[in-house]
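# Breakdown of the fold
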Amino acid sequence: MTDAARFVVFDKVRKTYPGGVHAVRDLDLEIARGEFVTFLGPSGSGKTTSLMMLAGFETPSAGDITLNGKALANVPPYRRNIGMVFQNYALFPHMTVAENIAFPLTVRRTPRAEIEAAVLGVLDLVQLSGMRDRRPAQLSGGQQQRVALARALVFNPPLVLMDEPLGALDRQLREHMQIEIKHIHARLGVTLVYVTHDQGEALTMSDRVAIFRDGRLEQVGSPLDVYERPGTSFVARFVGESNQFAGTIREVRGEACVVELDGGWTVPAMLAHAAGVGARTIVSVRPERIRLSASEGAPARVAELIYHGDHIRVRLGAESGQELFVKILSGAAPEWLRPEAILRAAWRGEDARALDPSPADAPR
Ligand SMILES: Nc1ncnc2c1ncn2[C@@H]1O[C@H](COP(=O)(O)OP(=O)(O)OP(=O)(O)O)[C@@H](O)[C@H]1O
């Protein structure tokens, strides 16, 4: 593997806090130069601790982290040349926008003319050129976050870390800033590691998503990979929504299989784990991949229709007692879709995953 592919390397990194909290356990991850990698996971899964060890604000209990081939163990945070953006902005209230942004260069004793040019450049990049003399209190939350972003970029760091940077913004502004950060990443070619617990954010922004669970990496892959080919039941539920049914594998043909669900349905799926006929499995299928019709599939009764504007959620109860959720685009809902209607539900084999049931929900 080339050095560019191993720009950031976590090698068996562990962090145990006093009191025996295993925040991060044996983290192995390689991040390529220029990549946008998101750490995604529920609260307490070890995302921030991993980021802080890379930044140098936490020390690993075991393992090594390297940046551009250089071990970071004895490098203090300010010598790592890493830009950082936090959720709470951490701006200096008494300084102007321009002074805040210039700060990393001022402490590096950069010549004044260079500072001036660099500040003008990043102010333009984050579209705040007209605000340079304001103080943080005179800015909106979104504008303050842009200042924080500019401050992290002004010294041209090869690596930028962001910890829930958009967490305090309302949804519309958040979505707007997601696209903007993505554009800035593409324009600068900087390597970006981004922490979030918002799966939508991770899917829209990243080249790769690293999914954390209980201090471990559960799966790493492109947004398409983790959504279309979740490796575990946890990933299928955490990234997007999923209907999950326990069953037994009855037929295997290459990667395709047929599963008899415990409720009696026999359904097609793609094998996501090494298993043969007779093995137990969990079939996961996305709510938008289930097709409802009058003629094809297993019979089910419409228990509830929930209107969400752009889509409708349909809660179905099968005769076997199983319950499933289906999502339908509002304009595409057939006229016969009514509460209490009896219809049929089916999916294509390639739209369902037969997952390993063993580690799925066992606490670790
Ligand atoms: N300074 C600390 N001392 C002791 N335990 C800590 C400390 N910081 C974090 N932890 C614990 O380590 C675990 C991982 O925390 P971490 O903040 O890395 O998770 P996270 O995935 O970033 O969560 P969140 O999304 O809530 O920030 C949690 O159980 C947390 O309580």
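The rules behind each value
Residues numbered from 1 in each chain as written. Predicted model: local features only at pLDDT ≥ 70, side-chain atom pairs only at ≥ 80, totals over all residues. Heavy atoms only, no water. Domains from an automatic or database assignment. Polar contact = N/O pair within 3.5 Å; in protein donor to acceptor, adjacent residues only side chain to side chain. Helix = DSSP H or I, 4+ residues; strand = E, 2+ residues; numbered from the N terminus. Nonpolar A, V, L, I, M, F, W, Y, C, P; charged D, E, K, R; others polar. Phe/Tyr/Trp six-rings, centres within 6.5 Å; stacked < 30°, edge-to-face > 60°. Buried < 20%, exposed > 50% of the residue type's maximum accessible area, 1.4 Å probe, protein only. Pairing = 2+ DSSP bridges. Axes fitted to C-alpha atoms, helices over the stretch in contact; angles between N-to-C directions. Parallel < 35°, antiparallel > 145°, perpendicular 65-115°, else oblique. Left-handed = near helix turned anticlockwise from the far one by under 90°. Contact = heavy atoms within 4.5 Å. Near = heavy atom within 4 Å. Core = buried A, V, L, I, M, F, W, Y, C linked by side-chain atoms within 4.5 Å.

### A closer look at the domain arrangement of the chain
- If you check the domain split of the chain, you get domain 1 (3–231) and domain 2 (234–355).
- The centre of domain 1, based on its C-alpha atoms, is set 38 Å off from the matching centre of domain 2.
- Counting the contacts that link domain 1 with domain 2 gives 6 residue pairs in polar contact (both at pLDDT 80 or more).
- Where the side of domain 1 that touches domain 2 is concerned, the elements lending two or more residues are helix 6 (199–205), strand 9 (208–213), strand 10 (216–221) and helix 7 (223–228).
- Residues of the side of domain 1 that touches domain 2, tallied by class, amount to 8 nonpolar, 5 polar and 4 charged.

### Concerning the packing of aromatic side chains
- Per the counting criterion, the structure on display carries 7 aromatic pairs.
- A centroid spacing of 5.7 Å and a plane angle of 40° characterise the contact between Phe36 and Tyr194, whose relative ring orientation is tilted. In this pair, Phe36 sits in strand 3 (residues 36–40) while Tyr194 sits in strand 8 (residues 191–196), placing the two residues 158 residues apart along the sequence.
- Residue Tyr194 is classed as buried on the basis of its relative accessible area of 0%.

### Side note on the sheet that holds strand 19 (residues 342–346)
- With antiparallel pairing, the 5 strands of this open sheet are ordered in space as 15-19-16-17-18. The sheet is open, and its two edges are formed by strand 15 (291–293) and strand 18 (323–329), each paired on a single side. Recorded for the sheet is a direction-independent mean angle of 45° between the axes of neighbouring strands.
- As judged from the 4 bridges shared by strand 16 (residues 298–307) and strand 19, these two strands associate in the antiparallel manner.

### A short note on the packing of helix 2 (residues 97–107) against helix 3 (residues 112–125)
- Between helix 2 and helix 3, the least distance of the axes is 10 Å, while the angle of their chain directions is 125°. Comparing the axis directions of helix 2 and helix 3 gives the class oblique. At the point where helix 2 passes helix 3, the crossing takes the right-handed sense. Residues Val97, Ala98, Ile101, Ala102, Leu105 and Thr106 of helix 2 touch helix 3, and the partners they reach there are Ile115, Ala118, Val119, Val122 and Leu123.
- Across the contact of helix 2 with helix 3, the residue classes break down as 10 nonpolar, 1 polar and no charged.

### Some points on the site of the ligand
- Surveying the vicinity of the ligand reveals the residues Tyr17, Val21, Ala23, Pro42, Ser43, Gly44, Ser45, Gly46, Lys47, Thr48 and Thr49.
- The side chain of Tyr17 places a nitrogen or oxygen atom 3.4 Å from a nitrogen atom of the ligand.
- Contacts to the ligand include Thr49, whose side-chain N or O atom sits 2.5 Å from an oxygen atom.
- Top contributing element to the shell around the ligand by residue count: helix 1 (residues 47–55), with 3 residues.
- A per-class count over the shell around the ligand returns 4 nonpolar, 6 polar and 1 charged.

### Observations regarding the sheet that holds strand 9
- In spatial order, the strands read 6-7-8-3-9-10; together these 6 strands make up an open sheet with mixed pairing. Looking at which strands have only one partner, the edges of the open sheet turn out to be strand 6 (82–86) and strand 10. Neighbour-to-neighbour, the strand axes of the sheet open up by a mean angle of 15°, direction not taken into account.
- Pairing analysis gives 5 bridges linking strand 6 to strand 7 (residues 159–163), with the strands arranged parallel. Bridge pairing in strand 7 links Met84 to Leu161.
- Its contacts with the sheet place helix 1 against strand 3, strand 6, strand 7, strand 8 and strand 9, and it is angled at close to 150° to strand 7.
- Relative to the sheet, helix 4 (residues 141–153) contacts strand 6 and strand 7, its axis offset from that of strand 6 by approximately 170°.

### Quick look at the nonpolar core
- Ranked by internal contacts, the top residues of the largest apolar core, which has 37 residues, are Ile101, Val119, Leu149, Met162, Ile181 and Tyr194.
- Within the residue set of this core, elements represented by two or more residues are helix 2, helix 3, helix 4, strand 7, helix 5 (171–188) and strand 8.
- With 6 residues, helix 4 is the largest single contributor of residues to this core.
- Look past the residues within four positions of Met162 in its chain and what remains in contact with it is Leu51, Val85, Leu149, Ile181, Leu192, Val193, Tyr194 and Val195.
- Among the nonpolar cores identified, the runner-up in size contains 30 residues, and Cys257, Val259, Val267 and Ala300 belong to it.

### Notes on helix 1
- Of all 9 residues in helix 1, 8 are buried, a share of seventy percent or more.
- Of the positions making up helix 1, those classed as buried are Lys47, Thr49, Ser50, Leu51, Met52, Met53, Leu54 and Ala55.
- Looking one or two residues beyond helix 1, the residue adopting positive phi is Gly56, at roughly 100°.

### Details of unusual backbone geometry
- A positive phi angle is found at Lys12, which is not glycine, with a value near 50°.
- Within the secondary structure, Lys12 sits in strand 1 (residues 8–17).
- Residue Lys12 is classed as partly exposed on the basis of its relative accessible area, which comes to 48%.

### Digging into the side chain of Gln219
- Mapped onto the secondary structure, Gln219 falls in strand 10.
- Relative accessible area serves as the criterion here: at 14%, Gln219 is assigned to the buried category.
- Polar side-chain contacts of Gln219 include one of 2.7 Å to the backbone nitrogen of Gly231.
- Those residues in contact with Gln219 that lie beyond four places of it in its chain are Val209, Ala210, Ile211, Asp225, Val226, Arg229, Pro230, Gly231, Thr232 and Val235.

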